[in-house]
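This is what each chain is made of:
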Amino acid sequence: MGTHLQLPNGNFAYTRREPVGVVGGIGAWNYPYQMASWKTSPAIACGNTIVFKPSPLTPLTAVMLAEVYSQVGLPHGVFNVIQGQGQTGSLLSSHPEVDKMTFTGSVSTGQKIMTACAKGIKHITLELGGKSPLILFADCDLDNAVKGAMMANFMTQGQVCSNGTRVFVHKSILEPFLAKLVERTKKMKIGDPFAEDTMVGATISKEQAEKVLRYVDIAKKEGARVLFGGERVTLSDPKFSGGHYLSPCILTQCHDDMTVVKEEVFGSVMSVLTFSDEDEVIRRANDSVFGLAGGVFTNDLARAHRVVAQMEAGSIYINNYNVYPVGVPFGGYKMSGLGRENARESIDHYTQVKSVYVETNDVDCPY
């Protein structure tokens, strides 16, 4: 996929997009199969080979994807899976024969990978954390806004980097919004993840569950009110005794300088804040080191487009949240990362450009 430029006197130039070479990929545990496919598909399609390390908490799905690739005829050595802890990822990032790194995970690990890539002047794509804002204006469809807020916070036990965990609600609709929100949240069944009617499964690990509960405790100490949830849940069936189940948490009386409002929790913890006017909420929404995603609920489309144009985030939703069409690029601003996953834009990150000038006349030389 290149370009052609016609130049004077019949001369022309064109560009070629060529593979970067060997890609190193590191995925997170919350969407392990998706991470592996999002990174390997454009890498391989652009002519690269890839060495992929899944999270040690979810080591199997990348191997399953490798089996699929092998069964459909992908040559051996094009997609390679390695397993290991952080040291393995460090060795991969700093390996002299790796030409590009692509990583999804925490900001702190992303910074280490970026440092390693800087030493080798490697290409890099980073999809890091978020603390995204969801803005609900007074004229929004309240039922859809409630559903959107739940999709922005409670999907996959809240373990989603793009979650809109700072929910800014116009003060005129706060009470009816909270009433509808609590009513729906109470109906979310916690239990067997293989059961069709289950809406909340287990948190990934004991450590992550304890981290989420610590944030809830800190929020209470800083003045937030737990309107619902934020507690451990013990299931009656003993076969689930090894799981770490938490009830989705709704926090009210939050303010912008609270720890839970500023830091990524990576759990089902919704922080509800109020606002009065558009300029105010845009300023507060952008007051974050992150810029992965954001959302707006309003029936005024002129307002919607005006607001999203001012939001400092890479992926914005209007009247919905956490929807990922594969044809739409995904990625963040600020400390939420570099580059984009999916769509046409991903090709730019797995190729390098070669420019070619073609002379069709005699060389004009003054010497």
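For the structure, check the block above.
This section reports on the structure supplied with the text. Quick caveat, the model's predicted, so the values are computed rather than measured. (Residues numbered from 1 in each chain as written. Predicted model: local features only at pLDDT ≥ 70, side-chain atom pairs only at ≥ 80, totals over all residues. Heavy atoms only, no water.)

**Let's talk about the sheet that holds strand S4 (residues 49-53)**
Quick reminder of the rule: Strands pair, by our definition, only if DSSP identifies at least two bridges between them. The numbering of helices and of strands both runs from the N terminus, where a helix is a DSSP run of H or I of at least 4 residues and a strand a run of E of at least 2. What makes two residues a contact is simply this: any of their non-hydrogen atoms within 4.5 Å. For every element, the axis is a line fit to its C-alpha atoms; helices are fit only across the contacting stretch, and the angle between N-to-C directions ranges from 0 to 180 degrees.
Read across the open sheet, the six strands follow the order S5-S4-S3-S6-S7-S19; overall the sheet is mixed. Each edge of the open sheet is held by one strand with a lone partner, namely strand S5 (79-81) and strand S19 (337-338). With five bridges connecting them, strand S6 (residues 100-104) and strand S7 (residues 123-127) associate as parallel partners. Bridged to Phe103 within S7 is Leu126. Strand contacts of helix H2 (residues 60-71): S4 and S5, with the helix running at about 150 degrees to S5, the strand carrying the most contacts. Most of the contacts of helix H4 (residues 107-120) go to S7, to which it runs at about 175 degrees, and overall it touches strand S3 (22-26), S6, S7 and S19.

**Here we look at the sheet that holds strand S2 (residues 12-19)**
Whenever strands of a sheet pair, they do so through backbone hydrogen bonds, lying parallel or antiparallel. If you trace the three strands from one edge of the open sheet to the other, you get S1-S2-S20, paired in antiparallel fashion. Both edges of this open sheet fall to strand S1 (4-6) and strand S20 (351-358), since each of them pairs with a single strand only. Ignoring which end each strand starts from, the neighbouring axes of this sheet average 15 degrees apart. Where S1 lies against S2, three bridges are found, and the strand directions are antiparallel. Of the residues in S2, the one forming a bridge with Gln6 is Phe12.

**Considering the layout of surface pockets**
Rules: Here a cavity is any set of points on a 1 Å grid over the protein atoms alone where a 1.4 Å probe fits but cannot get out, and a pocket is any open set with protein on both sides within 12 Å along at least 5 of 7 lines; a residue lines the site when it has an atom within 4 Å of a point. Grid points are joined across faces, edges and corners, and a volume is the space filled by probe spheres set on the points.
Put simply, the largest pocket is a space of about 880 Å³. Lining the largest pocket we find 35 residues, and of these Phe103, Thr104, Gly105, Ser106 and Thr109 sit closest to its centre. When contributions to the lining of the largest pocket are tallied by element, the ones reaching two or more residues are helix H3 (86-94), S6, H4 and helix H7 (206-221). Top element by residues in the lining of the largest pocket is H4. It accounts for six residues.

**Here we look at the packing of aromatic side chains**
To keep it simple, the criterion reads: A pair of aromatic rings is counted whenever rings of Phe, Tyr or Trp (Trp by its six-membered ring) have centres within 6.5 Å, and the orientation is called stacked for planes under 30 degrees apart, edge-to-face for over 60 and tilted otherwise. We call a residue buried when its accessible area falls under 20% of the maximum for its residue type, exposed when it is over 50%, and partly exposed in between, using a 1.4 Å probe and counting protein chains only.
Inspection of every chain in the model, using the stated rule, returns eight aromatic pairs. When the ring of Trp29 is compared with that of Phe266, the centres are 5.4 Å apart and the planes differ by 85 degrees; the resulting orientation is edge-to-face. Of the two residues, Trp29 is situated in the loop between S3 and helix H1 (32-45) and Phe266 in the loop between helix H8 (259-262) and strand S14 (269-275); the sequence distance between them amounts to 237 residues. Each member of the pair, Trp29 as well as Phe266, carries the same accessibility label: buried. Ring centres of Tyr69 and Phe79 lie 5.3 Å apart, and the angle between their planes is 85 degrees; this geometry places the pair in the edge-to-face category.

Everything listed here is a matter of coordinates, which is why it stays silent on function.
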